[in-house]
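These are the residues of each chain, in order.
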Amino acid sequence: MRYGIKNTVIALLMISLPSLAQKSMDDIDRESFKARFYPFDNKGHSVEMSSEKIIHQSGLSDIILDGEWLLVEGGDEKNRIHNTWINSVKAKVPGSIHTALWNAEIIPDPYFGQNDSIAEKQSYKTWWYKKEFSISDKIKNPILHFGGIANKCSIWLNNVKLGDHEGMFGEISFDVSNLLKEKNTLIIKLEPIPQVFEPEGTFFGGANKSWQNTVVFNCVYGWHYSQIPSLGIWRSVKIINQAAVEIENPFITTRSIDGKMSLHLTLRKNSDKLDGILKLSIAPENFEGKEQSFEYKVSSHLENKILNFDFNISDPQLWWPNGKGKQNLYKAMMSFVPINGESADYKELSFGIRTIRMAPHPKGPSPDKYNWTFVINNKPMFVKGSGWCTMDPLMNFSKQRYDRFLSVAKQQHIQMLRAWGGGIPETDDFYDLCDRYGIMIIQEWPTAWDSHNTQPYDMLEETVRHNILRIRNHPSLVMYGGGNESSNPFGKAIDMMGRYSIELDGTRPFHRGEAWGGSDHNYNCWWDDAHLNHNLNMTSLFWGEFGIASLPQKESVIRYIGKEEQNIWPPIKNSNFLHHMPIFGQVGEMDKLKQYSGYFMPDDNMDYFIAGSQLAQVVAVRHTLERARTRWPESTGALYYKLNDNYPAVSWSCIDWYGAIKPLHYFVQNSFEPLAAVVLFNQTNLTGNDADLPIFLLDDNLNLKGKNWEVKISCYNEKLECIGMQSFFGESKQKEVTQLGTFKLDKEKTKAKALLFVSDIVSETKTLFRTFYFMNFEVRKGSLYNLPRTTLETKRTGNSLVITNTGTYPAVGVNIICPGYESNLSVSQNFFWLNPMESKTVEVNIDQPVITNCWNKEGNPFIK
C-alpha cells in the first residue's frame, strides 16, 4: 500500500510505431525480456497412459534436523565452534530467535503493548544455533540442505566451515560426503540485522531501511505496523539422502482442458551411468477416479538429462477458482529405477488441470495496458479478491494459522489473493491450502518502491529462480509480479524476473509492477482524508488495492493494550493504544480514525470508536467492490486491501492478527456472493435529495437461467417504517450483469436520520440472497444503534443456530459473538437483516456458548 503518495502509478509507454498499435503491454514486455527458451519449447516424447497400477519404490529417506536446537547470544567464532555453550536456551526450528527468547522468558510477549521495541533489539545482535545429531548408517551422497535462513549466516559442520549465505528466500545446500560422522555438530551463526534508520521527523521516521540492501520480507521493518526484523532458521533443515539418479524439478502443465498434459523434468546422475526406467503414475487426490501411468526407458551419458513428455489424462476433472466449480487435484508419483540395482529416487507432487490466459479489454489490446481479463479454463471471469500480508514477524507460518485465514477467505467468496512485494514468496502450506480452497494467487517478488535498484541482484535472482521452480506446479498460482508500488519498474532485476517467468515456467503472465499497466491503488480515503463518498464513486479497470483502516474487535484491542488502558478514553500520549497504529501513531492516524469513525458514532468511549471505525471500513470497501462488479467486462476485477495482518494493530484487514473477524468480512461476503442484487449509491447522505438508485442483478454462474425470479428493494427510515418498495421481475434468459432499473425515493422521504435499504432475490418462494445498506448515518451520530427495539430468540442444535426475530420491528445487523473466543469464531452469515417473525439458520464453527445480538436489540442502551 502507498502512504501519502498519489494513487495511480501507471506510466504510459511512449510507443508510436504503427506496427505496435495492436500489441498489448503483455506482448511488448514479453518481447523485451528476451527469454532464450521455455520448459516446453521442445516437443515432448508422446507416451500412452495405461490403466495398470505401478508399484513405486519408496526412495531413500532424508534425515530431518528440525525440532529442538540450542540458541545463544554473541561470542567469538573460536569459542562457539570449539567450546561448550553456557547460558544457551532451547529454540525450535523452523522458527525465530524471538520466539525462542519469548518461550525462555528472556523477553516479554512481543505482540503486547510496546514490547516490540524489546524484541526489535534482539534482531540487532549476533546469535548462534547448534544442533547435535547422530547417524547410524553411512549415507552415500549426502547433501546438507536449509530451506531458508533469515538472513545473513555462516555454517559449520563438525568444526569445518561450509560457507556463508545471505538472502532469506534462497535454499542453501552443501555436499557433506566427507564430513558426516556417527556423531555430528551443526552450528549456524546469524549476523545482526543492520541498523539503518529513516531520519526522525520523516514519514517513516525511525523505520529500519536496511531491507533495501538485502532480500527479506520488508513489512516487518517499521513502515507497516511491525518493527521486528525477522531473524532465525525459518524453514526445514535436513540431510538429503541422494539416489544414484535424482529426479529434479518435475513440472506438469495443462496444454488443453480436454486432458492434454505435458511433463518437464531433469534427471541428474550421482553415479557412473544414467540408465534405468522412469515411471509416472497419476491418481485423483481429492476425488474418486482411476489411476493412469506410463514407463519410459532412459539411457544417457549426460550428467543432466532434460526430458519432456506429452500425454493425455482420460476423463479430466478440472480445477476451478472458488465459486466457479470444484478444486479437483491430482497426485503425480514418479520414480527412477536404475537398471544396475542402485538406489531409486521417488518424487510426488500435486497439480490441477487448469489453463490460464489473459484477454484484452473489450476495446482491444493497448500498448499502455496489460490484458486484464482472466480467462480460466477458457471462461472469462470477473475476479473477486483481496491483498494477502505475510502473517507474522516471528515467522510462525504454521498450517493451522494459514488455514484460519484462508478458510475465512474461501467463505468470503474470495477468488484471488495478491501476495504483495512487502511479504514472502509464500510457503508450500499456503499454496497447498489455496489449491484446495480455489484461491488464485498473484505472487510478487520481495521488492517495493523501486528497491530492486538497490537490492543485490544475485540474491534477487536466487530468490526468483528457486521459488519459481518450487511453486510452479500449483494451479492456484496464476501470475508473477515484480513487486509493490515501484514508480519505475524497469532495469536489470525486473528484466530477470520477467525472463525467468518464461524460461522456468512460461504458462503464466508476469507483470513488472503493481499498480501498473491499467490497475490502480487508491487511498484518497484515509491518507488524503477524502470523504467516504469518494470510494462510492471511484472506478478502475482492475483494482489492485484500496480501502481504509479500522480497529480490530475490542477483545483483540484489549489483548494488545492491556486491561489497564481499556477504560482510559481518549487514549493518552505514548499509550499502547496509539502505538498499535499503522505507523505507530506518528503520522496522524488517530485523527483519521476520528474522522471516519465520527461519521457514525460520537467519540465518547472506545466501544463507540471501534464500532464507528469498522462501519466506515464497511462503507469504504463494499460499495467500490459492488460498483466494480456491475461494470464487468469494462472492469475485470477488484482486490481490496486486505485480508490479514502481520501484527496486532489498527489496519486495513478484515480479520485481525489474532484471527478475530471484523464486520467487513461479512459485508464483503455479501458483496462477493456469486448471486447478488446490489444497489449503487453516489453519496452516503441522501437527505433532502431525490434518490434514483441503480439496481443490478449479478449472477456469476447464471444460476437464475430458466427460472422465474424477483428482486425486491425495500427502504426503511429511522423509525423502521417501510417508506418505499419496488420489485423487478425476470425469467429465462440471464446475463452475468443486468441493470434492472432504478429505485426511486423522493426528497421528502430521504429526510430521515437513517435510511436502510434491503435487497432480496426470491425464486420459487425461496430467498436466495439478501443484503442491507445503511445511509444518512451522518445526520445523527449513533442513529444506526438508536432504532426501535426488537427481540431475538436463538435455538441451538450442535453448531446450527436458528435465530428468530420475535419482535414487531426488523432486526438490523443481527450478529453472533463468542466472548473469549472471537479469534476462533466463524459464522456462516453474520450482520444480517431479519424481518419480524422471520427465522434464519446459521452455522458456527465452535462448541462454546454464543450470544446473538443486533444493533437494535431490546436491552441495548441508546446512544445519546
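Everything below is about the structure printed above this text.
Residues numbered from 1 in each chain as written. Predicted model: local features only at pLDDT ≥ 70, side-chain atom pairs only at ≥ 80, totals over all residues. Heavy atoms only, no water.

(A) Main features of empty space enclosed by the protein. One pass over the structure, following the stated rule, counts five cavities of 30 Å³ or more. Forming the walls of the largest cavity are Lys-324, Met-381, Phe-382, Gln-415, Arg-629, Trp-632, Leu-698, Asp-700, Glu-736 and Val-737. Looking at the lining of the largest cavity residue by residue, the classes come out as five nonpolar, one polar and four charged. (1 Å grid on protein atoms, 1.4 Å probe; cavity = no way out; pocket = protein on both sides within 12 Å on 5 of 7 lines; lining within 4 Å. Points joined across faces, edges and corners; volume = space filled by probe spheres on them. Nonpolar A, V, L, I, M, F, W, Y, C, P; charged D, E, K, R; others polar.)

(B) Main features of the pairing of strand β5 (residues 127-134). Counting buried positions along β5 gives six out of eight residues, so the element sits mostly inside the fold. In terms of strand pairing, strand β3 (residues 67-73) meets β5 through four bridges, oriented antiparallel. Of the residues in β5, the one forming a bridge with Glu-73 is Trp-127. (Buried < 20%, exposed > 50% of the residue type's maximum accessible area, 1.4 Å probe, protein only. Helix = DSSP H or I, 4+ residues; strand = E, 2+ residues; numbered from the N terminus. Pairing = 2+ DSSP bridges.)

(C) Representation of the packing of aromatic side chains within the structure. Scanning the model with the defined rule gives 67 aromatic pairs in all. Seen from their ring centres, Trp-445 and Tyr-480 are 5.9 Å apart, and the 15° between their planes marks the pair as stacked. Taken together, the residues span a long stretch of sequence, with Trp-445 in the loop between β28 (440-444) and α7 (457-471) and Tyr-480 in strand β29 (residues 477-481) at a distance of 35 residues. For the residue pair Trp-445 and Tyr-480, the accessibility class agrees, reading buried in each case. Ring centres 6.3 Å apart and planes at 90° place the aromatic pair Tyr-523 and Tyr-641 in the edge-to-face group. Note that Tyr-523 is positioned in the loop between β31 (519-522) and α9 (533-537) and Tyr-641 in the loop between β33 (637-640) and α14 (663-671), a separation of 118 residues in sequence. Residue Tyr-523 shares its accessibility class with Tyr-641, and that shared class is buried. The ring of Trp-85 is capped by Arg-80, whose NZ or CZ atom sits 5.8 Å from the centre of that ring. (Phe/Tyr/Trp six-rings, centres within 6.5 Å; stacked < 30°, edge-to-face > 60°. Lys NZ or Arg CZ within 6 Å of the ring centre and 35° of its normal.)

(D) Highlighting helix α8 (residues 492-503). Compared with an ideal rise of 1.5 Å per residue, which puts twelve residues at 16 Å, α8 spans 16 Å between its outermost C-alpha atoms and is within 8% of the ideal. Here α8 lies mainly inside the structure; ten of its twelve residues are buried. Along α8, the positions that sit buried rather than exposed are Ala-493, Ile-494, Met-496, Met-497, Gly-498, Arg-499, Tyr-500, Ser-501, Ile-502 and Glu-503. If you follow the buried residues of α8, they end up packed against α1 (25-32), α7, β29 and β30 (510-511). (Expected span 1.5 Å × (residues − 1). Contact = heavy atoms within 4.5 Å.)

(E) Up close: the nonpolar core. Leu-186, Ile-188, Phe-577, Phe-600, Tyr-640, Phe-757 and Phe-774 are the most contacted members of the largest nonpolar core, which totals 220 residues. Among the elements that line this core, the one with the most residues is helix α13 (residues 606-630), at 13 residues. Leaving out residues up to four positions away in the same chain, Tyr-640 has contacts with Gly-385, Ser-386, Gly-387, Gln-412, Ile-414, Phe-546, Val-621, Leu-625, Cys-654, Leu-664, Val-668 and Phe-672. Counting residues in hydrophobic clusters, the runner-up holds 29 residues, among them Val-47, Met-49, Leu-307 and Ile-313. (Core = buried A, V, L, I, M, F, W, Y, C linked by side-chain atoms within 4.5 Å.)

(F) Examining the packing of helix α5 (residues 399-411) against helix α6 (residues 428-437) more closely. Between α5 and α6, the shortest axis-to-axis distance is 10 Å and the interhelical angle comes to 30°. What the angle tells us is that α5 and α6 run roughly parallel. Where α5 crosses over α6, the two elements pack in a sense that is right-handed. Here α5 contributes Lys-399, Tyr-402, Asp-403, Leu-406, Ser-407 and Lys-410 to the contact with α6, which in turn contributes Asp-429, Phe-430, Asp-432, Leu-433, Cys-434 and Tyr-437. Residue composition of the contact of α5 with α6, grouped by class: six nonpolar, one polar and five charged. (Axes fitted to C-alpha atoms, helices over the stretch in contact; angles between N-to-C directions. Parallel < 35°, antiparallel > 145°, perpendicular 65-115°, else oblique. Left-handed = near helix turned anticlockwise from the far one by under 90°.)

(G) Local environment of unusual backbone geometry. A cis geometry characterises the amide bond from Val-93 onward to Pro-94, with omega recorded as 0°. The topology assignment puts Pro-94 in the loop between β4 (89-93) and α3 (97-103). Residue Tyr-641 is joined to Lys-642 through a cis peptide bond whose omega torsion reads 5°. Secondary-structure assignment places Lys-642 in the loop between β33 and α14. Phi is positive for Lys-34, which is not a glycine, with a value near 55°. Relative to the helices and strands, Lys-34 resides in the loop between α1 and β1 (45-46). The exposure class of Lys-34 is exposed, given its relative accessible area of 64%. Not every positive phi belongs to a glycine, and Glu-485 is a case in point at roughly 55°. Residue position: Glu-485 is located in the loop between β29 and α8. A residue is classified by how much of its surface remains accessible, and Glu-485, at 1% relative accessible area, is buried.

(H) Quick peek at the layout of surface pockets. What the largest pocket holds in volume is close to 1800 Å³. Forming the boundary of the largest pocket are 42 residues, of which His-145, Glu-171, Lys-238, Asn-249 and Lys-347 lie nearest the centre. Taken together, the elements giving at least two residues each to the lining of the largest pocket come down to β6 (142-146), β15 (237-241), β16 (245-256), β22 (345-351), α6 and α7. The element contributing the most residues to the lining of the largest pocket is β22, with six residues.

(I) Local environment of the sheet that holds strand β42 (residues 800-805). Overall, antiparallel pairing links the three strands, which are arranged β41-β42-β45 in an open sheet. With one partner strand each, in any of the chains shown, β41 (792-797) and β45 (839-843) form the two edges of the open sheet. Averaged over all pairs of adjacent strands, the angle between their axes in this sheet comes to 20°, without regard to strand direction.

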